[in-house]
Structures are given as structure tokens and as C-alpha cells.
Amino acid sequence: MKVELKNTTKKLCVIGDPVLHSKSPLIQNTIISALGLDYIYLCQPVKREELPRWLAAAKAAGYAGFNATMPHKEDLVTLMDELDEDAKCYGSVNTVCIKNSKLYGYNTDGRGFLRALLDEGIDPAGKRVVLLGAGGASKAVALKLVQAGVKSLVICNRTEEKAAALCAYSDVMSTELFDPASLRRAVSTADLLVNGTSLGMDGGGGQFDDVSFLEALPKAAAVCDLVYYPAQTELLARAKALGHTTMNGLGMLLNQAIFALEHFTETDLDVPKLRALAENALNVS
Ligand code: NAP
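All figures in this text were calculated on a predicted structure; none of them were measured in a lab. Along every chain, residues carry numbers that run from 1 in the direction the sequence is written. Given that this is a predicted model, residues contribute local features only at a pLDDT of at least 70 and side-chain atom pairs are listed and counted only at 80 or more, while totals for whole chains, interfaces and linings are drawn from all residues. To obtain the side-chain values, all non-hydrogen atoms of the structure were used and water was disregarded.

**Some remarks on the overall build of the protein chain**
1) Next: Helix and strand assignments follow DSSP, with helices taken as H or I runs no shorter than four residues and strands as E runs no shorter than two, numbered in order from the N terminus. A count of helical and extended segments in the protein chain gives 10 helices and 12 strands.
2) Next: In this description the radius of gyration comes from C-alpha coordinates, and the expected globular size is given by 2.2 Å times residues to the power 0.38. Taking 2.2 N^0.38 as the reference for a compact globule, 285 residues should give roughly 19 Å; the C-alpha atoms of the protein chain span a radius of gyration of 19 Å, in line with that estimate.
3) Next: Counting only C-alpha atoms, the protein chain reaches 60 × 35 × 35 Å along its principal axes.
4) Next: Expressed as a percentage of the 285 residues in the protein chain, the buried residues total 51%.
5) Next: For this analysis, residues touch if any pair of their heavy atoms sits within 4.5 Å. In the protein chain, 64% of the contacts between residues at least 6 apart in sequence involve partners at least 24 apart.
6) Next: Accessible areas in this description were obtained via Shrake-Rupley with a 1.4 Å probe; residue shielding takes into account the shown protein chains only. Accessible area for the protein chain stands at about 13000 Å²; split by element, carbon and sulfur atoms hold 50% of it.
7) Next: We count Lys and Arg on the positive side and Asp and Glu on the negative side, and we leave His and both chain ends out. Every charge is mapped to an atom, namely NZ of Lys, CZ of Arg, CG of Asp or CD of Glu. Considering the protein chain, the positive charge centre built from 29 side chains and the negative charge centre built from 33 side chains are found 3 Å apart. Between buried and exposed lies partly exposed: a residue is buried under 20% and exposed over 50% of the maximum accessible area for its type, with that area taken using a 1.4 Å probe on protein chains only.

**Some points on the pairing of strand β1 (residues 10–16)**
1) Next: For β1, a buried count of five out of seven residues is recorded, marking the element as mostly surrounded by other parts of the structure.
2) Next: Sheet analysis places β1 next to strand β2 (residues 39–45), joined by seven bridges and oriented parallel. Across the sheet, lysine 10 pairs through a bridge with tyrosine 39, a residue of β2.
3) Next: The path from the first strand over the helix to the second decides the hand: if it runs clockwise while the strands point away from the viewer, the crossover is right-handed. Viewed along the sheet, the connection from β1 through helix α1 (residues 24–35) into β2 turns out right-handed. When DSSP finds two or more bridges between a pair of strands, those strands are recorded as paired.

**A word on the packing of helix α4 (residues 109–119) against helix α5 (residues 136–147)**
1) Next: Interhelical geometry of α4 versus α5 gives an angle of 60 degrees and a closest axis separation of 8 Å. Classified by the angle their axes make, α4 and α5 are oblique. For the element pair α4 and α5, the recorded crossing hand is right-handed. Residues Asp109, Gly110, Arg111, Phe113, Leu114 and Leu117 of α4 lie in contact with α5, whose contacting residues are Ala140, Val141, Lys144 and Leu145.
2) Next: Think of it as three bins: nonpolar holds Ala, Val, Leu, Ile, Met, Phe, Trp, Tyr, Cys and Pro, charged holds Asp, Glu, Lys and Arg, and polar takes everything else, Gly as well. The residue inventory of the contact of α4 with α5, partitioned by class, reads six nonpolar, one polar and three charged. To obtain each axis, a line is fitted to C-alpha atoms, and for helices this fit is confined to the stretch in contact; angles are then taken between N-to-C directions over 0 to 180 degrees. To sort the angles, those under 35 degrees are grouped as roughly parallel, those over 145 as roughly antiparallel, those from 65 to 115 as roughly perpendicular, and the leftovers as oblique. What makes a crossing left-handed is the near helix being turned counterclockwise from the far one by less than a right angle; a clockwise turn instead makes it right-handed.

**Overview of the packing of aromatic side chains**
1) Next: Between the rings of Phe, Tyr and Trp (Trp by its six-membered ring), a pair exists once the centres lie within 6.5 Å; its type follows the angle of the planes, with under 30 degrees stacked, over 60 edge-to-face, and the other angles tilted. One pass over the full model with this rule turns up four aromatic pairs.
2) Next: Ring geometry for phenylalanine 178 versus phenylalanine 208: centroids 6.3 Å apart, planes at 20 degrees, classification stacked. Separated by 30 residues along the polypeptide, phenylalanine 178 in the loop between β9 (173–176) and α7 (180–187) and phenylalanine 208 in the loop between β10 (192–195) and β11 (222–225) bring together distant segments of the chain.
3) Next: According to the relative accessible area criterion, phenylalanine 208 is buried, its value standing at 10%.
4) Next: Among the aromatic residues, ring-to-ring pairing joins Trp54, Tyr63 and Phe66 into one connected group.
5) Next: Across from the ring centre of tyrosine 39, 5.0 Å away, lies the NZ or CZ of lysine 10, which sits over that ring.
6) Next: Only lysine NZ and arginine CZ atoms are considered, and such an atom sits over a ring when it is within 6 Å of the ring centre and within 35 degrees of the ring normal. The ring of tyrosine 63 is capped by lysine 11, whose NZ or CZ atom sits 5.7 Å from the centre of that ring.

**Topic: unusual backbone geometry**
1) Next: Residues methionine 70 and proline 71 are joined by a peptide bond in cis, for which omega reads 5 degrees.
2) Next: Here proline 71 shows up in the loop between β3 (65–68) and β4 (82–83).
3) Next: Note that the residue after tyrosine 229, namely proline 230, is joined by a cis bond; omega there is 10 degrees.
4) Next: Positive phi values are uncommon outside glycine, yet serine 101 reaches one of about 65 degrees.
5) Next: With respect to the helices and strands, serine 101 occurs in the loop between β5 (95–99) and β6 (102–106).
6) Next: Residue serine 101 is classed as partly exposed on the basis of its relative accessible area of 46%.
7) Next: Not every positive phi belongs to a glycine, and glutamate 266 is a case in point at roughly 55 degrees.
8) Next: Along the chain, glutamate 266 falls in the loop between α9 (250–265) and α10 (271–282).

**Observations concerning helix α6 (residues 160–167)**
1) Next: Here α6 has its buried residues at Ala163, Leu166 and Cys167. Down the axis of α6, the smallest arc covering the buried residues is 100 degrees, so these residues share one side. Exposed and facing more than 90 degrees away from the buried side of α6 are Glu161 and Ala165.
2) Next: Against the buried residues of α6 lie α5, β8 (152–156) and β9. For this quantity, the arc is that covered by the directions from the helix axis to the C-beta atoms.

**Focus on the site of the ligand**
1) Next: The immediate surroundings of the ligand are formed by 21 residues, with Ala137, Asn157, Thr159, Lys162 and Gly249 found nearest.
2) Next: Counted as a polar contact is a pair of N or O atoms within 3.5 Å, where, for protein atoms, one must be capable of donating a hydrogen and the other of accepting one, and residues adjacent in sequence contribute only when both atoms are in side chains. Separating a nitrogen atom of the ligand from a backbone N or O atom of glycine 249 is a distance of 2.8 Å.
3) Next: Taking leucine 253, its main chain carries an N or O atom lying 3.2 Å from an oxygen atom of the ligand.
4) Next: Alone, the ligand offers 910 Å² of accessible surface; in the complex the protein occludes 74% of this.
5) Next: More than half of the atoms of the ligand fall within 2 Å of the grid points belonging to the largest pocket.
6) Next: Sorting the residues of the shell around the ligand by element identifies α5 and α9 as the ones contributing at least two each.
7) Next: Per-class residue counts for the shell around the ligand are 10 nonpolar, nine polar and two charged. If even one non-hydrogen atom of a residue comes within 4 Å of a molecule or strand, that residue is called near it. The way it works is a 1 Å grid over only the protein atoms, where trapped points that fit a 1.4 Å probe form a cavity and open points with protein on both sides within 12 Å along at least five of seven lines form a pocket, and then any residue with an atom within 4 Å of a point lines it. Cavity and pocket membership follows a simple rule, namely that a molecule belongs there if more than half of its atoms are within 2 Å of the grid points.

So this is what it looks like as C-alpha cells:
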């Protein structure tokens, strides 16, 4: 991958804290290089308390836009001049375009997940879905699943209050507890199970104490994990061994990045082709 720098090259970046582990620069620069776009995508650590100052600096420095990861996604909401519907709905911004010193906030996470699901031939419309988790990623996924027309969505989260708060969005949503018996009961009638917790993630996510609840899941149900590193979590490995269709979080990661680049460049991109290209560059195993 080689990004050619010119005097006209527009700057993009990802901000966060921590952020140096981010795959976004590799994904975006691979696509930028392949398409010959006049952009460069950098990695910028920004502490939470520095966000307003950094926004002013980014405007002054002529940044075209940026992506945001923790801890900035929620804080950005009130700092935008305009928000798209998904950013408003999730109360979270992962993509910002800067035009004429105005900040336009978007959230491409939910769309990225839904597109990945549909690309795997899994249409959630009319399905009974169980989602484990109620954090930032789960919220985007949950609300997008409801918008996509799921029949029911049960949220199981360790902290029950967070699941209950999320359920205020729609009548099709309800909560279950996170203990093995409750999980077993929740999944026993599901068509689709999604893990949106950080359990299974490399680098400190921890592991499920027990994934035997998968034995209660109907055989035709698909199992998705938002975790993409490792490519196959213990949950997905067990689900696969039990004969379920499985999907990891890589498609969501790549799609949300491509949708963000569509906002930055104001062009429609060939999502499947670019996804394959970036996936190859990442070489996740
Ligand atoms: P977050 O906001 O910190 O939420 C973490 C979630 O995991 C919460 O529901 C939390 O439950 C739960 N959790 C954490 N430790 C747990 C434990 N020991 N037992 C039970 N539940 C536990 O994080 P996030 O941003 O939503 O990210 C969640 C996962 O999604 C991460 O693995 C992340 O890598 C992945 N992700 C993937 C993509 C993608 O593009 N594929 C995008 C974003 C995130 P409590 O509410 O009880 O704390």
C-alpha cells in the first residue's frame, strides 16, 4: 500500500484514547491507495478532555474529516453542527466531515453491521433476535435491527439497567438476565444470536464462563459476534461445531469504514470490492 502525498492531499484521521492499535489507518489507506484518492488517513491520540480543543485545531488545520472511537463517540454528539439520523438515534458519532468549518456527524456502525449480515444472506426482518450486551456497539446494532424489522429483540446484559434503558426505543425489545439459565431460556426460541459484549475479544475482553447456553439455540439460528480479533471467538467456534451459520465482526468493521469514506469523499463506493481488498490487507486470523 502506497499513499502518494501532494500539496493538495486532504487529511483524515481516527481519534481516540487509546487509538494506536486502530486498524482504521490500514483499512482506509489501503482503499485510498487502490482508488487513487487524494487523501491520507492518520492516527491521532486525543484525550477526552482535549476533544473541544482538538476539534478547533482540526478545523484550523484543514482536516476533511475524522473517525472517532472510545471515549469520544458520545461526547461528539453535542459538538456537531448537524447530525444524521443514525447518530441522533444512537446518541453517538463515529464519523465527522468538516466542511466550511462546520462539523457534520454520522454513525456508520449500525449500517455496517446490517450490511454485513445481509451480505451473509442473513435477513433479520421478521426474525426473533437475542443480543448479548448493551454497550455502545450493541446500541447501534440493536436499533438498526429494530429499524430492519425484527419480530423481537431480547437484550441480555450483565448490567440489567443498561439493557432496560435500551429497550425504551421499541416495543419489540425486552430484557433477560445474563446468567446461564436466563441465556438458555432467551436463546431457545431465537433465529439469530448476536454477541455485542467484549467477551471473547483479544486484549482483555475476558471469556464467557460458560457457552453451554448455545445448546438450547435452535439449529437453524445464525450466530454473530461483533468481535473481529480473533477471527473466531470461543463462542463462534462452539456455535460452528454445533452446526450454526456464524459471522464475526470483521464485515461490520470494514463496512462502517467504507461507509465513512463515502461520507468523506461524497461518492458511492463499491462496498463488496473494497471490503475484499481491505480484508486482504488486514489478514486477520
Ligand atoms: P462497551 O460500550 O464498553 O460495552 C461492553 C459490553 O460488554 C457491555 O454490554 C458490558 O456489560 C459487556 N461486558 C464487558 N465485560 C463483561 C463481562 N465480563 N461479562 C459480561 N458482560 C461484559 O464496548 P463496545 O464498544 O460496545 O464494544 C463491545 C464489543 O464489540 C468489543 O469486543 C468490540 O471490539 C466490538 N466492536 C466491534 C465493532 C466492529 O466493527 N466489528 C465495532 C465496535 C465494537 P456491562 O454493561 O454490564 O458493563
